[in-house]
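# Structure assessment
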Amino acid sequence: MSAALAVGVNLLWLVPGDVGGSEEYTVGLLEALADAAPRDLDVTLFVNGSFSSAHPDLAGAWRTVVAPVSGRSRPRRVLAESTWLAAESRRRRLDVVHHAGGTIPWVSPVPSVVTLHDLQPLAHPERFSALKRTYIRAVAPPSLRRARIVITLTTFTGRDAVDRCGVDPRHLRLVPSGVDRPGPLPRSVDPDAVLGRLGLAGRRVVLYPAITYAHKNHETLVRALSLLVGARPDLALVLTGRAGPAESHLDAAVAAYGLEQHVVRTGRIPATDLEVLYRRASVLAFPSAYEGFGLPVVEAMSRGCPVVASDAGALPDVTGGAAVIVDPYDATAWATALADVLDHPARAEALVAAGRRRALAFAWPRSAAALADAYHDAARPDLGSHPIDPAHQEPR
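Everything quoted here is computed from the prediction, not taken from an experiment.

### As for the packing of helix 1 (residues 21-36) against helix 16 (residues 364-379)
The geometry of helix 1 relative to helix 16 is characterised by a closest axis approach of 8 Å and an angle of 85 degrees between their N-to-C directions. Judged by the inter-axis angle, helix 1 sits roughly perpendicular to helix 16. Facing Glu24, Tyr25, Gly28, Leu29, Leu30, Ala32 and Leu33 of helix 1, the residues of helix 16 in contact are Trp364, Ser367, Ala368, Leu371, Ala372 and Tyr375. Among the residues forming the contact of helix 1 with helix 16, the class breakdown is 10 nonpolar, 2 polar and 1 charged.

### Topic: the packing of helix 9 (residues 218-228) against helix 14 (residues 331-343)
For the pair helix 9 and helix 14, the least separation of the axes is 8 Å and the interaxial angle reads 60 degrees. Relative to helix 14, the element helix 9 lies oblique. By crossing handedness, the relation of helix 9 to helix 14 is classed as right-handed. Every residue of helix 14 that contacts helix 9 at Thr220, Leu221, Arg223, Ala224, Leu227 and Leu228 is listed here: Ala331, Thr332, Trp334, Ala335, Leu338 and Ala339. Here the contact of helix 9 with helix 14 is built from residues that sort into 9 nonpolar, 2 polar and 1 charged.

### Here we look at helix 6 (residues 130-146)
An ideal rise of 1.5 Å per residue puts 24 Å on 17 residues; helix 6 measures up with 25 Å between its terminal C-alpha atoms. Its axis deflected by about 30 degrees at Ile136, helix 6 carries its strongest bend there. Within the sequence span of helix 6, burial applies to Ile136, Val139, Ala140, Pro141, Ser143 and Leu144. Residues of helix 6 that are buried make contact with strand 5 (112-116), helix 5 (120-123), strand 6 (149-152) and helix 7 (155-165).

Cut-off values and rules
- Residues numbered from 1 in each chain as written.
- Predicted model: local features only at pLDDT ≥ 70, side-chain atom pairs only at ≥ 80, totals over all residues.
- Heavy atoms only, no water.
- Axes fitted to C-alpha atoms, helices over the stretch in contact; angles between N-to-C directions.
- Helix = DSSP H or I, 4+ residues; strand = E, 2+ residues; numbered from the N terminus.
- Parallel < 35°, antiparallel > 145°, perpendicular 65-115°, else oblique.
- Contact = heavy atoms within 4.5 Å.
- Nonpolar A, V, L, I, M, F, W, Y, C, P; charged D, E, K, R; others polar.
- Left-handed = near helix turned anticlockwise from the far one by under 90°.
- Expected span 1.5 Å × (residues − 1).
- Bend = angle between axes of the 7 residues up to and from the residue.
- Buried < 20%, exposed > 50% of the residue type's maximum accessible area, 1.4 Å probe, protein only.

See the structure below:
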């Protein structure tokens, strides 16, 4: 039997609580890989000082090495990746290093796998600071071209990597996010009590779980709500997720339309509260103007919540015909689409059934198997003569 492939996973960038959906994806994927217990992989996690306490199960599942950095200082982390991590890669004789944070260090002595979540800073530079724009332009394209394997969550991002950064399609591998399958709520959780605590008892809920970044486009949803509430006084738009840079714009929009009694801003809430909202909401609205994946739409579909989503980024690919798709900035179209779901139970039920079927395509064991294959491909001397076309790799 041949020796197991020695794989290092660079998680120095993953500061718990600071990196949003990329943390959920990365942790979920590596936990699924650990559950599969592949005997042909020998995995070592390289983490920052705060990772293990936040994710003890994952840290205990694999060999874990703590770097001499916290991860919060990007310059120190970048330096550590090209010095300390490079030295550890040589010393441990790793076959492959997976840089799960989107870029490869300048010094990387072994074949590299990199996970690319999206290229929004290149597609929409106006949404980012001059410093971040400059950094991404300088680092991302050459980093992706140097990678032996580029992992993307969706075909949309794979196409973007080819078109914007010149990545050879043969180096692309699709590893979508999985979604945790909903089970019974804990006995300690009373859904009616949760809704009462949030001020939602007896109200119909339009749910949008997203940090208030500009591209999340909360304001269009508020404008749509203003067109709906006159005939539907029981309607509540529930916005979960912590405050982001566009929070003041959201507040101004709510005040401008006089919707203070119809917009419930919860901030970040416990996972059990979000579970209740997914299961009790009348519809999930997801008007984001750019997504590399969009996990909440899959979570909602798996929990029987109908979805209306924008036609931007990866969302049409991810929803796969199981959601109503709307122009992200057309508030009238949003109001029409939401009213159709809210006012017609048969339409809502059809979306629920389609969504549950679509959500089955996003399974963590399948994603873990694709990740293991990507590691082995990265170690091969020849990737093969047939390009991998991301347009034909979306899960079905």
